[in-house]
Amino acid sequence: MGKIKTRMGDGFKVEMTESEVRKALEEGTQDAAERGRVEPLTPDDLQQIFEIFACPYRIVGVEEGNEVVLTYDSLNTKIKRAQISASKIQSLQICERGLGADTLELAHIDYSYKPVKPIIPFEKPIMEQAVLMTIPSLLYGAMPNMGLYSRPDGPCPNPADLLPQGKIAEARASYEEAADYATADMVYVGSQMYEAGADGINFDTTAAAGDAEFFATLKAVEILRKKYPAMGIQMGMAAEFVLGMHGELEYKGVRLAGLYPHEQVKLAEAAGVNIFGPAVNIVTNETLPWNIARSVTWTKACTDVAEIPVHACLGMGVGGVPLALTPPIDALSRASKAHVEICRLDGL
Amino acid sequence: MGVGDPCGMHAAHAIVSGMGGIRTAGDLVARMQLNGSMKIDAAKKHVADKLHTSVADIADPVVMNELREDLDIGRINEAPGVAKGIDAKFRIARLLDVDINSVNIFKEKIERDI
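Residues numbered from 1 in each chain as written. Chains lettered and ligands numbered in written order. Predicted model: local features only at pLDDT ≥ 70, side-chain atom pairs only at ≥ 80, totals over all residues.

**Notes on the overall build of chain A**
Item 1. When helices and strands are tallied, chain A shows 12 helices and nine strands.
Item 2. Dimensions of chain A, computed from the C-alpha atoms along their principal axes, are close to 60 × 55 × 35 Å.
Item 3. Relative to its full complement of 348 residues, chain A shows a buried share of 56%.
Item 4. Restricting to contacts in chain A with at least 6 residues of sequence separation, those with at least 24 account for 75%. (Helix = DSSP H or I, 4+ residues; strand = E, 2+ residues; numbered from the N terminus. Buried ≥ 20, exposed ≤ 12 C-beta atoms within 10 Å, placed from the backbone. Contact = placed C-beta atoms within 7 Å.)

What follows is the structure, encoded as C-alpha cells:
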C-alpha cells in the first residue's frame, strides 16, 4: 500500500506511511490516557481508526443502523456568517428542510448570554414565530462567556489584572462575583426563551473561562431544572480540561479545576442536563490520526460512564476536526465516523 | 457540532452520521433525547414502536417520507393542506405521547378567556 493521505490539525495536507499512522494513533491515545487517567483505546479500536484513515475514498460514513442525531451550536448564525441574505427564521428553515437538521437552534450573532439579555424583547417574538413554523426541537443557545463580566467589559475587577499583583483572594472573589452575574443572566434568558416556546436551552462552550464559569453554568442548570422540570437542557464544553482559574470551587463536593470529560459529565447529570457535549481541542501541529485517537480516547471514557445522551462536539477545531473555517470533508467525515462508532455516541 | 461553513460542517455531518431530520425520523429521535434523556438506541426503539415500524425503517428516507405523509406529521416536500409547523407538532406530541412546550403554550393561549 502506498502512503496514506491525511491532514495536520490545521487542515493542511500531509502524507504518512502505514507505520507512521499507527505510531501517531498509539501516541495520541497514550497522551489522552496519561493526562486524563483513563484507559487508552484497545488494539481493536486503534485498528478501526487505522482502517478509517487507510480507506482511499474521499468521504467515509457510519454503517447503516449507526446513524445518530445532530444538535447544532448557534445554528442560524452559520447562515448569517456566510452572508446569506436570510432572516433567522428562514435560516432555520434552510437547515430544517435543506440540510436535514435533526434539531434546530435559534441564536443571536453575538453568541453569549450577557448580550442577549438587553435584546430579549426582540428575540422572544422570533422564537414565538419560529416554533409555529418549524417541526424539529428548537433550542435557544448561547455561551456563558464569563469573561464579559470583568472590566473593562463588565462590572467585576479583572482577575487577569489582580493575579499578577499577587492578589489571589481578590481574584477569586472577582471570579465568584462574575459567576453570580453569569448565572443570573443564563437563568433570565433561559426562562424567557422557554416561556416563548423553546424546547430547550443550550449552554455552549461551557467553562471557556475556567472552573468559575463551569460552576456558574451548573448553578444555572440547577435553577432552570427546578423551575421548569420538562425543559430540555444541553451543555457543551469548551475543552477537555477545566482550567483552574479560581482553583478552589466545588460543585456538590467535587473540585471543578482539572476535570476531564468523564468527570464533567457526572456533574452535568447531577445538575439536570439532558444532553452533554464533551469537547477535545485540536493540536494544530499534530496529525489527524494523532488528534482523532486522542479525542476518541477521552470521548469514549465519557460515554462509558454517561447515563444521559452524549453529543460530542465536532465543530471546527474540536473532536479531531481541523482548525479551518471550511472543514475539509475527507477529514470531517473520518472524525465523525470514528467518534460515532468507537465511542457509541448518541449524537454530535 | 460547532463552527464551520454550512457545507463543510452541517451538510457533511448530516450525510456522514446524521439521521436526516424530517427526511426520516431524526427529529422524533432527537426529541426523545432532549426531553427524555434517552440514549440513542432507546430513543430509536421508542420512536419505532410508536410508529409501528422497525428501527431500520425510521432512518430510511423513502419509507419515512411515505409514513410521515400517512401520519401527517410534516415532511420535506409539503403539499397543500397538510400539517407543516405547529399543527405537525400537535400530532407528534400525540403520536409519541410527549409534552411539547410550544404545543402546550399554543393550547393555553387559544383556550384563554376572551
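**Concerning the overall build of chain B**
Item 1. Check the secondary structure of chain B and you find six helices and zero strands.
Item 2. Reading chain B from its N terminus to its C terminus gives the helix and strand order α-α-α-α-α-α.
Item 3. Projecting the C-alpha coordinates of chain B onto the three principal axes gives extents of approximately 50 × 35 × 35 Å.
Item 4. Burial statistics for chain B: of 114 residues in total, 46% are counted as buried.
Item 5. Pairs at least 24 residues apart make up 29% of the contacts formed inside chain B by residues separated by at least 6 positions.

**Observations concerning the sheet that holds strand β4 (residues 137-142) of chain A**
Hydrogen bonds between backbone atoms are what pair the strands of a sheet, whose relative direction is either parallel or antiparallel.
Residues and elements named next belong to chain A.
Item 1. Strand order in the open sheet formed by five strands is β3-β4-β5-β6-β9, with parallel pairing between adjacent strands. Strands with a single pairing partner mark the edges of an open sheet, and in this sheet they are β3 (103-106) and β9 (275-277). For this sheet the average axis-to-axis angle between neighbouring strands, irrespective of direction, equals 25°.
Item 2. Across four bridges, the pairing between β3 and β4 is parallel. Each bridged residue has a counterpart across the sheet, and for T103 the counterpart in β4 is S137. (Pairing = 2+ DSSP bridges. Axes fitted to C-alpha atoms, helices over the stretch in contact; angles between N-to-C directions.)

**Description of the interface of chain B and chain A**
Item 1. In this complex, chain B contributes 46 residues to the contact, which on the side of chain A involves 56 residues.
Item 2. Those elements that provide at least two residues to the side of chain B that touches chain A are α1 (7-16), α2 (26-36), α5 (86-96) and α6 (101-111) of chain B.
Item 3. Ranked by the residues each element gives to the side of chain B that touches chain A, the list is headed by α1 of chain B, at nine residues.
Item 4. Residue classes in the side of chain B that touches chain A are distributed as 22 nonpolar, 17 polar and seven charged. (Nonpolar A, V, L, I, M, F, W, Y, C, P; charged D, E, K, R; others polar.)

**A short note on helix α6 (residues 120-133) of chain A**
Residues and elements named next belong to chain A.
Item 1. The end-to-end C-alpha separation of α6 is 20 Å, in line with the 20 Å expected for 14 residues at 1.5 Å each.
Item 2. Looking only at α6, the buried set comprises E123, M127, A130 and V131. Looking straight down α6, one finds that the buried residues subtend no more than 95° of arc, so they occupy a single side. In this structure, α6 carries P121, F122 and P125 as exposed residues pointing more than 90 degrees from its buried face. (Expected span 1.5 Å × (residues − 1). Arc of directions from axis to C-beta.)

**A word on the environment of R23 of chain B**
Item 1. Note that R23 of chain B resides in the loop between α1 and α2.
Item 2. Note on R23 of chain B: 24 C-beta atoms within 10 Å, which makes it buried.

**Observations regarding the nonpolar core**
Residues and elements named next belong to chain A.
Item 1. Of all hydrophobic cores here, the largest spans 136 residues; its most connected members are I201 and A212.
Item 2. Among the elements that make up this core, the one with the highest residue count is helix α8 (residues 168-195) (nine residues).
Item 3. When residues no more than four places from it in sequence are discounted, the contact partners of I201 are L139, Y140, G190, M193, Y194, L224, M231 and I233. (Core = buried A, V, L, I, M, F, W, Y, C linked by C-beta atoms within 7 Å.)

**With respect to the pairing of strand β5 (residues 200-206) of chain A**
All names here are of chain A.
Item 1. Along β5, seven of the seven residues are buried, which leaves the element largely enclosed by surrounding structure.
Item 2. Pairing analysis gives four bridges linking β4 to β5, with the strands arranged parallel. Its bridge partner lying in β5, Y140 is registered against I201.
Item 3. Taken together, the five bridges between β5 and strand β6 (residues 232-237) define a ladder with parallel strand orientation. Across the sheet, residue F203 finds its bridge partner in β6, namely M235.
Item 4. Regarding the hand of the β-α-β motif, the stretch spanning β5, helix α9 (residues 211-227) and β6 is right-handed. (Right-handed = clockwise from strand over helix to strand, strands pointing away.)

**Points about the packing of helix α1 (residues 18-36) of chain A against helix α2 (residues 43-54) of chain A**
All names here are of chain A.
Item 1. One can describe the packing of α1 onto α2 by two numbers: an axis separation of 10 Å at closest approach and a directional angle of 135°. Viewed along their axes, α1 and α2 adopt a mutual orientation that is oblique. Seen along the crossing, α1 lies across α2 with a hand that is right-handed. Residues V21, R22, L25, E26 and T29 of α1 form the contact with α2, whose own contacting residues are L46, I49, F50 and F53. (Parallel < 35°, antiparallel > 145°, perpendicular 65-115°, else oblique. Left-handed = near helix turned anticlockwise from the far one by under 90°.)

**Overview of the confidence of the model for chain B**
In low-pLDDT regions, the fine details of the predicted coordinates are not to be read closely.
Item 1. Taken over all residues, the pLDDT of chain B has a mean of 95, while the share at 70 or more is 100%.
Item 2. α1 of chain B is the least confidently modelled element of chain B, averaging 93 in pLDDT, while helix α3 (residues 40-50) of chain B averages 98, the highest of any element. (pLDDT = per-residue confidence, 0-100.)

**Focus: the environment of A56 of chain B**
Item 1. Here A56 of chain B shows up in the loop between α3 and α4 (61-71).
Item 2. As for A56 of chain B and K45 of chain B, which are separated by 11 residues in sequence, their C-alpha atoms are 9.7 Å apart.

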